[in-house]
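Structure at a glance
Given next are the chains, with one letter for each unit.
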Amino acid sequence: MGFKLKALVVVSSGLVLGVCTYAAYRTWKKRQSSADDEGFEDVSKLEESLEKKVLVLGLEGSGKSTLVSQIVKEVGQKSIASNTMYKPTEGFNVTSLSDGGSPTVNIWEIGGKESVRRYWPKFFQDTDILVFVVDASNNSNQSVVVSEIKSLLGDARLTSVPILVLANKQDMAGALNAEQISNVLDLKSIPSRSHQVKVLETQTRPETNEIHQTVLEVRKVLLKLSSHM
């Protein structure tokens, strides 16, 4: 497939920004607008039938940046050098993925630090698919993950939005599988009329040029969901 990376925007929450710049996908030009608080503002995709917005959330260290980088990487494309680490997202990144036939998938990845999570709701508007990444090998923050999931489900802007939960870092010792993560997060209690929920196990190979099959499956699911909306 001819997957294509079309745009990238990075905003750091470590600075107090006077202006927040983000991608205007219809014209592929950047636009500026005044930011509130500490450089965050309400941001959403432009209304366009051929574009779908995927919001990727998860706690810091869950592996969001690596996953998104590999999801949008073109098949056969060389990856970052093996001794280079993917830098965690401190603000938000926006990347776009298209296979030439399905709608363009605009992936909004938001940082997972506690200081950034309070700004998550500002990105909810017009979300078509919610992806929540969980470090399945970290048992110490499960209560926080559960709290964040419940908060997301309680927001009216995400009502009826399909949810893809990724039980990440399956290559780590002690990682919980998809069924176990589903039980920990009590996902089976979510009414099907409210949300369509799917849990997938994922792992990445940042030290090689290969994309793990689990990441390819996530890409496939995102494109399929987007094409049926």
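Residues numbered from 1 in each chain as written. Predicted model: local features only at pLDDT ≥ 70, side-chain atom pairs only at ≥ 80, totals over all residues. Heavy atoms only, no water.

So, on to the pattern of salt bridges. As a working rule, side chains carrying opposite charge can pair if their charged atoms are close by. Here the structure, examined in full by the defined rule, presents four salt bridges. The closest approach of N and O atoms between Arg157 and Asp155, which form a salt bridge, is 2.9 Å. Accessibility expressed as a relative area gives 15% for Asp155, which makes it buried. Between Lys188 and Glu179 there is a salt bridge whose closest N-O contact spans 2.6 Å. (Salt bridge = Lys/Arg side-chain N within 4 Å of Asp/Glu carboxyl O. Buried < 20%, exposed > 50% of the residue type's maximum accessible area, 1.4 Å probe, protein only.)

Let's shift gears to the confidence of the model for the chain. Taken over all residues, the pLDDT of the chain has a mean of 77, while the share at 70 or more is 69%. Here strand 2 (residues 19–24) stands out as the element of the chain with the lowest mean pLDDT, 33, in contrast to strand 7 (residues 129–135), whose mean of 98 is the highest. Throughout residues 1–36 the model reports pLDDT below 50, and contacts reaching past four residues in sequence, or to other chains, amount to 98 contacts. Scored below 50 in pLDDT, residues 75–86 makes 14 contacts in the model with residues more than four places away or belonging to other chains. (pLDDT = per-residue confidence, 0-100. Helix = DSSP H or I, 4+ residues; strand = E, 2+ residues; numbered from the N terminus. Contact = heavy atoms within 4.5 Å.)

A few words now on unusual backbone geometry. Look at Asp126: it is not a glycine, yet its phi comes out positive at around 65°. Here Asp126 lies in the loop between helix 2 (114–117) and strand 7. Residue classification places Asp126 among the partly exposed residues on the basis of a relative accessible area of 24%. The backbone of Lys169 sits at a positive phi, close to 65°, despite the residue not being glycine. Mapped onto the elements of the fold, Lys169 is located in the loop between strand 8 (163–168) and helix 4 (178–184). Residue classification places Lys169 among the partly exposed positions, given a relative accessible area of 23%.

In the structure shown here, the tally under the stated rule is four aromatic pairs. Between Trp120 and Phe132 the ring centres are 6.3 Å apart and the planes differ by 85°, which places this aromatic pair in the edge-to-face class. One end of the pair, Trp120, is in the loop between helix 2 and strand 7; the other, Phe132, is in strand 7, with twelve residues separating them in the sequence. With a relative accessible area of 1%, Trp120 lands in the buried category. When its relative accessible area of 0% is taken as the criterion, Phe132 is described as buried. Three or more aromatic residues joined by ring pairs form one cluster here, namely Phe92, Trp108 and Phe123. We note Lys53 situated over the ring of Trp108; from NZ or CZ to the ring centre the distance is 5.1 Å. (Phe/Tyr/Trp six-rings, centres within 6.5 Å; stacked < 30°, edge-to-face > 60°. Lys NZ or Arg CZ within 6 Å of the ring centre and 35° of its normal.)

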